[in-house]
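The chain contents come next:
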Amino acid sequence: MALVPFPGPQSRAFDSPLEDDDDASSSKMSFLEHLDELRKRIVHAAIAIGVGILVSFTFILKIYDFLMAPTMKHLPAGSKLIYTEPGEAFSLYIQLSLIVGVLMAAPFIMYQLWLFIAPGLYANEKKMAIPFVLLSTLGFLGGAAFNHYIMFPWMMAFFASFNTQDLVFMPKLDSVFSLYTKFLIAMAAVFQMPTLVFFLAKMQVITARFLIAQFKYAVLLIFIISAVITPTGDPVTQTVFAAPMVALYVLGIAIAWVVGPKRIKE
């Protein structure tokens, strides 16, 4: 007579993840399906950016005045930005429209990114779509605002401080915008730290206690990164660049304390 094994606690414990997350196992895709899904999300994000570019190009002169205001403020009286290549100004307008278009489409882009990674998540993890889109968008916009109102004006004031009777600060249009873009990307990436901490804490990878224990090492690493990225070697500029990263690290500790467990069991 065949014996039917009794489903004891161990077998139930083994099967429970499959029962709770059956939708995750049923949503497995092949490599080609992943590529097709990636293509679909990229196309949707590109369409959103294109719409943002068209809208922003309608107000390109106002956008130019807004973005270049920190530079014009520190130029000598009567000075103007110059361009030496025939298509340099038009190229700048296109790049400005692209940046503003990405900013306008940022929530939709982050949502498309979430739709791409969501099939590989469990049911309880898919509920974090709204926090992901909200935090990542706020981080992107917060980094852009910090760069425009604090970081970049400080850099322009520093470079313009070398004005003398024999030296006149007359920067080239492309050089100014290139520097602005580099700092914009850097600050947008740095301000994603709370988003990263939120999800790592939710997945119980890190805790607030762990972040507190590593605080002194994090500050040291932040100032090293600041010294490498900033174009000047003075400690004041490095501190201005490092200050938001330290503040975001402290904010990350608070986020990990609220959303994550107080400790991770081995």
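Predicted model only: the values in this text are computed from it and were never measured. (Residues numbered from 1 in each chain as written. Predicted model: local features only at pLDDT ≥ 70, side-chain atom pairs only at ≥ 80, totals over all residues. Heavy atoms only, no water.)

1. Points about the overall build of the protein
Phase 1 of the analysis: When you go through the protein residue by residue, the secondary structure sums to eleven helices and zero strands.
Phase 2 of the analysis: Counting from the amino terminus, helix and strand elements in the protein follow one another as α-α-α-α-α-α-α-α-α-α-α.
Phase 3 of the analysis: Across the 266 residues that make up the protein, the buried fraction comes to 38%.
Phase 4 of the analysis: For the protein, the accessible surface area stands at approximately 16200 Å², while carbon and sulfur atoms represent 71% of it. (Helix = DSSP H or I, 4+ residues; strand = E, 2+ residues; numbered from the N terminus. Buried < 20%, exposed > 50% of the residue type's maximum accessible area, 1.4 Å probe, protein only. Areas by Shrake-Rupley, 256 points an atom, 1.4 Å probe, with all protein chains shown as cover.)

2. Quick word on the side chain of glutamine 112
Phase 1 of the analysis: Examined against the element boundaries, glutamine 112 turns out to sit in helix H5 (residues 88-117).
Phase 2 of the analysis: Excluding its chain neighbours within four sequence positions, the residues that come into contact with glutamine 112 are Arg41, His44 and Ala45. (Contact = heavy atoms within 4.5 Å.)

3. Observations regarding the packing of aromatic side chains
Phase 1 of the analysis: Following the criterion strictly, the structure yields ten aromatic pairs and no others.
Phase 2 of the analysis: Seen in terms of ring centroids, tryptophan 114 and phenylalanine 199 are 6.2 Å apart; in terms of plane orientation they differ by 35°. Their pairing is tilted. One end of the pair, tryptophan 114, is in helix H5; the other, phenylalanine 199, is in helix H8 (residues 193-202), with 85 residues separating them in the sequence. For the pair shown, tryptophan 114 and phenylalanine 199 are each scored as buried.
Phase 3 of the analysis: Here the aromatic rings of phenylalanine 158 and phenylalanine 162 are separated by 5.5 Å at their centres, their planes lie at 90°, and the arrangement is edge-to-face.
Phase 4 of the analysis: On the basis of relative accessible area, phenylalanine 162 is assigned to the partly exposed category, the value being 49%.
Phase 5 of the analysis: Members of the aromatic cluster, connected to one another through ring pairs, are Trp114, Phe198 and Phe199. (Phe/Tyr/Trp six-rings, centres within 6.5 Å; stacked < 30°, edge-to-face > 60°.)

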